[in-house]
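Observations on the three-dimensional arrangement
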Amino acid sequence: MTHPNDQSRMDRIVSLAKRRGFIFQSSEIYGGLNGFWDYGPLGVALKRNVKDAWWHDMVGGHDELATLPGAPTAYEMTGLDCTIVMHPQVWKCSGHFDLFHDWMIDCRESKRRYRYDHLQGRWAAHRGKRVFVTTEASGDEAGPDTVARAQKFFGLRARQVDEIEWTGDLEPLPAAITAGVAAADVLGPDAAAPGTLTEPREFNLMFETRIGALAGDADDRAFLRPETAQGIFVNFKNVLDTSRVRVPFGIAQVGKSFRNEITPRNFTFRSREFEQMEIEFFCRPADSAAWYRYWRDRRWRWYLDLGLTEGKLQLREHHADELSHYSVGTADIEYAFPFLAPGEFGELEGIAHRGDFDLRSHMEGKLVRKDGELVLETGADGKPRHKGSGKDLSYFDDITRERFVPHVIEPSAGADRGTLAFLCDAYHEDEVPDEDGKPRSRTVMKLHPRLAPVKAAILPLVKKDGMPEMAIDLYRRLKRHMACQYDEKGSVGRRYARQDEAGTPWCLTIDGETLADRTVTLRDRDTLAQERVPVDEVVTLLRDRLASP
Ligand code: GAP
């Protein structure tokens, strides 16, 4: 079974996210919309800080004059902001129109829909009756779930479950069906009788929309982008022609993507509307393997530098049979989210070596791999299945006088998944002494100061004796440099507790001593250390602490 503490820990994180205004279910007052999430006052600041840190570290703060550690050479970075709805041909040439689908399966009895590849099952028998019991549960929960389902199906009491005879281990349903398990013997995950699952069907994950007032013709069909990457590829020539970038260089984009996921789940982890932070990095083919390694390691370090626990992160190189048809190499950065069974990890970011697949697709048309080569896919009439733009997207190096189609390395991160990982990792429960020195349990979000929605809280000890005036003055001076809050409501202990739950790294208390010697108490969220700091040095001190790694 899933470690019970981990699921209950996840429940507590979700509850804090709601209670403190990090994340809400979309359209909640109407019952919510599955797979869609809204960010509340603290959440919007946290997610913005994640995106800003990414943009600063990858683009705005990048030093193109230096060769960074591990990089083959110096390189340039620039950015784009493309539309969500693009020309439909973009998705035909990229392969999304034909290939971006999952297999789904419906249950005629329960009316529930499943992702075919998420179901697994095994044979159970009791007194001559046999059924292939399936479950949607994963990890350590799957086995016990099939036992519970078989018990119910055979109408057994708890003490009789040992009478069930099991054959074989749990195996994915698609493999079992291919191996000969008859659909009539399959007990769906929520069904009472076997044989209620439909044939698996392809389901394209792109949301469709229609353009213009005359919507209705098949030709009006357009799609919400399922990734931000394609906007970068189709603007490659525009960027080359209008800026002075030279290969190697990267184009970055942050923005919304949409996927009509069959079974959105695990809070914001698998949503239908989410944000991506993607880089398409263009390099010479001969250098591409070295650049792939550079980006893989660079992106791994980024999560560590922002405080994710190393032991909960995993860098996983894909096996050759897992690679997309265009990919020469892919690695995933994965995090051990608390909703997963022990030993399981969920993807935060993929770093893919995409070769020249994307630029060539938008020049020539949809490509397929044949005998190890990427070739134009043609129909029975010999014509391209999906025609490319015909525009020249090659690069001319005016120093070496060479022309080539650059290869692409793509670090593709999810802003929501990153935010969720930072939230989960930051969540801590510990004990701190209260004002009377008695231990009090607290929930504290140990967010990296760069990510914390509020950097500092300014708290007058009491609402009199000039303390609020001094506190407001400090608040106004500090607010020019960082997000901070003024709070005079409740006991100072309660105010600390509120800020701990919000992840505020520093609290500044204005007390009697402040009036006498113009010093304030600076409390550190994580160590609980308190130091006296001259009030006029607070701004410089906190700015320095925020800037330090
Ligand atoms: N351009 C490549 C690409 O889109 P991907 O692995 O499909 O690759 C990249 O997506 C990242 O986008 C994932 O690692 C994940 O962080 C995020 N992502 C993908 N689907 C998502 C979903 N349904 N909900 C939330 N984030 C998602």
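Residues numbered from 1 in each chain as written. Predicted model: local features only at pLDDT ≥ 70, side-chain atom pairs only at ≥ 80, totals over all residues. Heavy atoms only, no water.

Take the overall build of the protein chain next. Along its length, the protein chain carries 15 helices and 29 strands. By principal-axis analysis of the C-alpha atoms, the protein chain measures approximately 90 × 80 × 50 Å. Out of the 549 residues belonging to the protein chain, those deemed buried represent 50%. Expressed as a percentage of contacts within the protein chain between residues at least 6 apart in sequence, the contacts between residues at least 24 apart total 65%. When the 76 basic and 87 acidic side-chain charges of the protein chain are each reduced to a single mean position, those positions are 3 Å apart. (Helix = DSSP H or I, 4+ residues; strand = E, 2+ residues; numbered from the N terminus. Buried < 20%, exposed > 50% of the residue type's maximum accessible area, 1.4 Å probe, protein only. Contact = heavy atoms within 4.5 Å. Lys, Arg positive; Asp, Glu negative; His and termini not counted. Charge placed at Lys NZ, Arg CZ, Asp CG, Glu CD.)

Packing of helix α12 (residues 467-479) against helix α15 (residues 538-547) brings their axes to within 10 Å, and their N-to-C directions diverge by 40 degrees. One finds that α12 runs oblique with respect to α15. α12 and α15 meet at a crossing whose hand is right-handed. Seen from α12, the contacting residues are L474, R477 and L478; seen from α15, they are V538, V539 and L542. (Axes fitted to C-alpha atoms, helices over the stretch in contact; angles between N-to-C directions. Parallel < 35°, antiparallel > 145°, perpendicular 65-115°, else oblique. Left-handed = near helix turned anticlockwise from the far one by under 90°.)

With 18 residues, helix α9 (residues 288-305) should cover 26 Å at 1.5 Å per step; its first-to-last C-alpha distance of 25 Å lies within 8% of that length. Residues of α9 that are buried: S288, W291, Y292, Y294, W295, R296, R298, R299, W300, W302 and Y303. Following α9 by one or two positions, G307 has its phi on the positive side, about 100 degrees. (Expected span 1.5 Å × (residues − 1).)

So, on to the pairing of strand β29 (residues 530-534). Pairing of strand β28 (residues 519-524) with β29, which is carried by five bridges, proceeds in the antiparallel orientation. Across the sheet, the residue bridging to V520 is V533, located in β29. The antiparallel hairpin formed by β28 and β29 contains five residues in its connecting segment, where L528 sits at a positive phi of about 65 degrees. (Pairing = 2+ DSSP bridges.)

What follows concerns the nonpolar core. In terms of nonpolar packing, the biggest core is built from 58 residues, with W295, W302 and F337 touching the most fellow members. Elements that contribute at least two residues to this core include exactly α1 (4-19), α2 (41-60), β14 (273-283), α9, β16 (329-335), β17 (346-355), β22 (407-414) and α11 (415-426). Excluding residues that lie within four positions of it along the chain, W295 makes contacts with M58, Y75, M77, I279, F281, I351, I409 and P411. In this structure, Y116, A124, F132 and I164 belong to the second largest nonpolar core, which totals 22 residues. (Core = buried A, V, L, I, M, F, W, Y, C linked by side-chain atoms within 4.5 Å.)

Below, the discussion takes up the site of the ligand. Close to the ligand lie 19 residues, the nearest being E227, R259, S271, E278 and E347. One nitrogen or oxygen atom from the main chain of F269 is found 3.2 Å from a nitrogen atom belonging to the ligand. The protein chains hide 88% of the 560 Å² of surface that the ligand would expose on its own. Within the residue set of the shell around the ligand, elements represented by two or more residues are β14, β17 and β22. A per-element tally of the shell around the ligand places β17 first, with four residues. Residues belonging to the shell around the ligand are distributed by class as follows: four nonpolar, six polar and nine charged. (Near = heavy atom within 4 Å. Polar contact = N/O pair within 3.5 Å; in protein donor to acceptor, adjacent residues only side chain to side chain. Areas by Shrake-Rupley, 256 points an atom, 1.4 Å probe, with all protein chains shown as cover. Nonpolar A, V, L, I, M, F, W, Y, C, P; charged D, E, K, R; others polar.)

Moving on: the side chain of D511. Along the chain, D511 falls in the loop between β27 (506-510) and α14 (512-517). Here R532 takes part through its side chain, which lies 2.8 Å from a polar atom of the side chain of D511.

To continue, consider the sheet that holds strand β4 (residues 101-106). Ordered by their spatial adjacency, three strands build an open sheet running β5-β4-β10, and the pairing between neighbours is antiparallel. Edge positions in the open sheet fall to β5 (113-115) and β10 (201-204), since each of these has one partner strand only. Each adjacent strand pair in this sheet contributes to an overall mean axis angle of 45 degrees, direction not counted. Sheet topology note: the β4/β5 ladder contains three bridges and is antiparallel.

Bringing the packing of aromatic side chains into the picture now. Enumeration according to the criterion identifies 27 aromatic pairs in this entry. With a centroid separation of 5.6 Å and an interplanar angle of 90 degrees, the aromatic rings of W291 and Y294 are classed as edge-to-face. Here W291 pairs with Y294, and both are found in helix α9, just three residues apart, close to one helical turn. Judged on exposure class, the residue W291 and its partner Y294 are both buried. A network of ring pairs unites the aromatic residues Y75, F281, W291, Y294 and W295 as a single cluster. (Phe/Tyr/Trp six-rings, centres within 6.5 Å; stacked < 30°, edge-to-face > 60°.)

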